[in-house]
Amino acid sequence: MAADISPRPQARKPVLLSKIEALQDVVNTAVIIPKEDGVISVSQDRTVRVWLKRDSGQYWPSIYHTMPAPCSCMSFNPETRRLSVGMDNGVVSVSSPRDSPAHQGGVTVVLFVLEMEWVLSTGQDKSFTWHCSESGQQLGTYRTTAWVSGLQFDVETRHAFVGDHSGQVTILKLEQDSCSLVTTFKGHTGNVTALCWDPVQRVLFSGSSDHSIIMWDIGGRKGTAIEMQGHNEKVQGLCYAPHTRQLISCGSDGGIVVWNMDVTRQETPEWLDSDSCQRCEQPFFWNFKQMWDSKKIGLRQHHCRKCGQAVCGKCSSKRSTIPLMGFEFEVRVCDSCHESITDEERAPTATFHDSKHAVVHMHYEPTRSWLLTSGADRVIKLWDMTPVVS
Ligand SMILES: [Zn+2]
Ligand SMILES: [Zn+2]
C-alpha cells in the first residue's frame, strides 16, 4: 500500500476561476468551449446544457435541452461544433443528422473522429462499435472483455485503445468496416478508468481504480511500462498538455496532480523471491528447514521498491520517495538503497493540488490552459492552470 501523501506546501497552484453550482444531478461529462467563456455539460438528469459567462461573472445556462434518457458521456468537436452524446438507453445522439442505436445497455464512452467521420462508442453490453457520423450507419463492432471506461484513437494509424473494467487495455486496428486485435496490455490490478493518448510522443497513459497511472511507451516499441503513484484513491481523468509535456491527472480523492513528463523515469524492478533476507540472510518464516538448522524464528518477507530484493523488516526500516521510478509517495526501500538515493533523486517530479471535491470527470483546454473538474458534489469548477502548467 502506498503511504499517504505527505502534504508539501505548493507556492504555485491552480487558480479557481468559476464554480457552476445550480445542478440537479451529477454532470458525467463537461467540456470547455475553446476561445469562448462557455461550458457544455451532459448530466444524469437527462439535460445537455451550454453555460455562458454573463457580465456578472457567473455562468448561466443559455441552451437547455432534455434528452430521452440520462446522458452518460459526450464528445465535442470544436471545429465543427458537433456534439455526440451517449445515453443510458444505448443510443448515441449526434447533433446532425441522425441518432444511432449503438448498444444494448448504456453508452459508456463516445468519441467523435472528424478526420474519419466516425463516431466510436462503447457500452455496458461489452461492445465497441463505430458508426459513420454522416449516415448514422454502423460500420463495425468488437466484443470487449468487460465494460469499457476509457477510449482513445490514433488518427494517423487508425488504432483504437480500449481500456476496460478487467484492467486491460486492448489495441485494435480499425478498417472501414472491420477491425483486428493488435495486442492487449495488462498492468493494472483494478479497473481502467481513463485513457489518454499523446500522438506526438506516441505514449498512452492509463489511469485505474488501483490508484495508479501507467505510461505505456508505444512509439518506442520497447514495451516499457512506467508506473506512476500519486493518488490515494481511484484515478478519474487524464489529460496531456503537449506544449509543456505535462500530464494532468485527477482522482476521486480530489487531487489534481501535474506530472513533469520531461524526465526519464525507470521501470520498477521485478520482485525477487528468496527464502531468506537478501541482506542479513535471516530465513523468512516459511523456510522451516533453515529455521530449524539455525534455530532462528522466521521473518516476514518485504520487497525493496528500488532494487526488488526480498528483505526482512529490519533491513528495510526506512522509507523514501523515488520519483524517477514513479513513486511520489514514500515507499519501502532496503537500507543500502536508502543510503544510495540522493536528495536530488528524491526531488518530486509532480506537483499536488486539492480541487476540494471528488472528481468524476475532467477536461483540459490547452490554448488558455484551463481545467474543468466535475465533482460528485454536483459542482463544476473551472481552474486557471497557468501557474502550474508552464
Ligand atoms: Zn534482513
Ligand atoms: Zn534495495
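Just so you know, these numbers come straight off a predicted model, no measurement behind them.

(A) View of the pattern of salt bridges. Under the counting rule described, the total for this entry stands at nine salt bridges. Residues Arg 81 and Glu 36 are paired through a salt bridge, measuring 3.3 Å at the closest nitrogen-oxygen approach. Here Arg 81 is found in the loop between strand E6 (71-77) and strand E7 (82-87), whereas its partner Glu 36 is found in the loop between strand E2 (27-33) and strand E3 (38-43), with 45 residues between them in sequence. Judged by relative accessible area, Glu 36 falls into the partly exposed class, the value being 29%. In this structure, Glu 365 and Arg 368 form a salt bridge, with 3.4 Å as the shortest nitrogen-oxygen distance. By sharing partners, the salt bridges in this structure join Asp 37, Glu 365 and Arg 368 into a single network.

(B) Examining the sheet that holds strand E12 (residues 127-132) more closely. Read from one edge of the open sheet, four strands run E10-E11-E12-E13, paired in antiparallel fashion. Two strands bound the open sheet, and with one partner strand each, they are strand E10 (107-113) and strand E13 (138-143). Strand-to-strand twist in this sheet, taken as the mean axis angle between neighbours without regard to direction, amounts to 15 degrees. Of the pairings in the sheet, the one linking E10 to strand E11 (residues 118-123) comprises six bridges and is antiparallel in character. Across the sheet, Leu 111 pairs through a bridge with Leu 120, a residue of E11.

(C) Representation of empty space enclosed by the protein within the structure. Enumeration according to the criterion identifies one cavity of 30 Å³ or more in this entry. Estimated volume of the largest cavity: approximately 50 Å³. What lines the largest cavity is a set of 10 residues, among which Val 92, Val 94, Ser 100, Val 119 and His 131 lie closest to the centre. When contributions to the lining of the largest cavity are tallied by element, the ones reaching two or more residues are strand E8 (91-94), E11 and E12. The class makeup of the residues in the lining of the largest cavity is four nonpolar, five polar and one charged.

(D) Examining the side chain of Asp 384 more closely. Along the chain, Asp 384 turns up in strand E32 (residues 380-384). An unpaired buried charge is present at Asp 384: no salt bridge exists, and Arg 368, the closest side chain of opposite charge, is 8.7 Å distant. At 2.3 Å, the side chain of Asp 384 forms a polar contact with the side chain of Thr 386. Residues contacting Asp 384, with those up to four places away along its chain left out, are Pro 14, Val 15, Leu 17, Arg 368, Ser 369 and Trp 370.

(E) Looking closely at unusual backbone geometry. Unlike most non-glycine residues, Lys 126 shows phi in positive territory, near 60 degrees. For Lys 126, the location among the structural elements is in the loop between E11 and E12. With relative accessibility at 37%, the residue Lys 126 sits in the partly exposed group. Although it is not a glycine, His 211 adopts a positive phi angle of roughly 80 degrees. His 211 gets classed as partly exposed once you look at its relative accessible area, which sits at 23%.

(F) Spatial organisation of the UniProt feature "repeat: WD" (unreviewed entry) in the protein. Feature annotation in UniProt places "repeat: WD" (unreviewed entry) on residues 185-218, 228-262 and 352-385, given in this structure's numbering. Taken as a whole, residues 352-385 contains 0% helix and 62% strand, while its terminal C-alpha atoms sit 12 Å from one another.

(G) Focus on the sheet that holds strand E31 (residues 370-375). Spatially, four strands are ordered E1-E32-E31-E30 in an open sheet, and the strand pairing comes out antiparallel. Among the strands making up the open sheet, the edge pair consists of strand E1 (15-20) and strand E30 (359-365). Direction aside, neighbouring strands of the sheet carry axes that sit 20 degrees apart on average. Both E1 and E32 contribute to a ladder of five bridges, which runs antiparallel. Counterpart to Lys 19 in the pairing with E32 is Lys 381.

(H) Representation of the packing of aromatic side chains in the model. Within this structure, the stated rule accounts for seven aromatic pairs. Judged by centre distance (4.6 Å) and plane angle (15 degrees), the rings of Phe 185 and Trp 216 are stacked. Highlighted residues: Phe 185 in strand E17 (residues 179-186) and Trp 216 in strand E20 (residues 212-217), separated in sequence by 31 residues. Taken together, the ring pairs in this structure connect Trp 118, Phe 128, Trp 130 and Phe 153 into an aromatic cluster. Above the plane of the ring of Trp 370 lies Arg 368, whose end atom (NZ or CZ) is 4.0 Å from the centre.

(I) Spatial organisation of the coordination of the zinc ion (ligand 2). Within the first shell, the zinc ion (ligand 2) binds the protein through Cys 304 (SG), Cys 307 (SG), Cys 334 (SG) and Cys 337 (SG), at distances of 2.3 to 2.4 Å. One way to put it: the four donor atoms around the zinc ion (ligand 2) meet at angles of 102 to 120 degrees, and that makes the site tetrahedral. If you list the donors of the zinc ion (ligand 2) from N- to C-terminus, the spacing comes out as C-x2-C-x26-C-x2-C. Taken as a pair, Cys 304 in the loop between strand E25 (302-303) and strand E26 (310-311) and Cys 337 in helix H2 (residues 335-340) lie far apart in primary sequence, 33 residues in all.

(J) Expanded view of the state of the cysteines. Enumeration over the complete set of coordinates arrives at zero disulfides. A disulfide-free cysteine, Cys 73 has its sulfur positioned 8.9 Å from the sulfur of Cys 71, the nearest such atom. When its relative accessible area of 5% is taken as the criterion, Cys 73 is described as buried. Looking at the unpaired Cys 132, the closest cysteine sulfur is the one in Cys 179, lying at 17 Å. Using a relative accessible area of 17% as the deciding quantity, one classes Cys 132 as buried.

How each quantity is defined
Residues numbered from 1 in each chain as written. Chains lettered and ligands numbered in written order. Predicted model: local features only at pLDDT ≥ 70, side-chain atom pairs only at ≥ 80, totals over all residues. Heavy atoms only, no water. Salt bridge = Lys/Arg side-chain N within 4 Å of Asp/Glu carboxyl O. Helix = DSSP H or I, 4+ residues; strand = E, 2+ residues; numbered from the N terminus. Buried < 20%, exposed > 50% of the residue type's maximum accessible area, 1.4 Å probe, protein only. Pairing = 2+ DSSP bridges. Axes fitted to C-alpha atoms, helices over the stretch in contact; angles between N-to-C directions. 1 Å grid on protein atoms, 1.4 Å probe; cavity = no way out; pocket = protein on both sides within 12 Å on 5 of 7 lines; lining within 4 Å. Points joined across faces, edges and corners; volume = space filled by probe spheres on them. Nonpolar A, V, L, I, M, F, W, Y, C, P; charged D, E, K, R; others polar. Lys, Arg positive; Asp, Glu negative; His and termini not counted. Polar contact = N/O pair within 3.5 Å; in protein donor to acceptor, adjacent residues only side chain to side chain. Contact = heavy atoms within 4.5 Å. UniProt positions renumbered as here; feature names shortened; annotations may be inferred. Phe/Tyr/Trp six-rings, centres within 6.5 Å; stacked < 30°, edge-to-face > 60°. Lys NZ or Arg CZ within 6 Å of the ring centre and 35° of its normal. Donors = N, O, S within 2.8 Å, 3.2 Å for Na, K, Ca; no water. Tetrahedral: all angles 85-135°; square planar, octahedral: opposite > 155°, others 65-115°. Disulfide = S-S within 2.5 Å.

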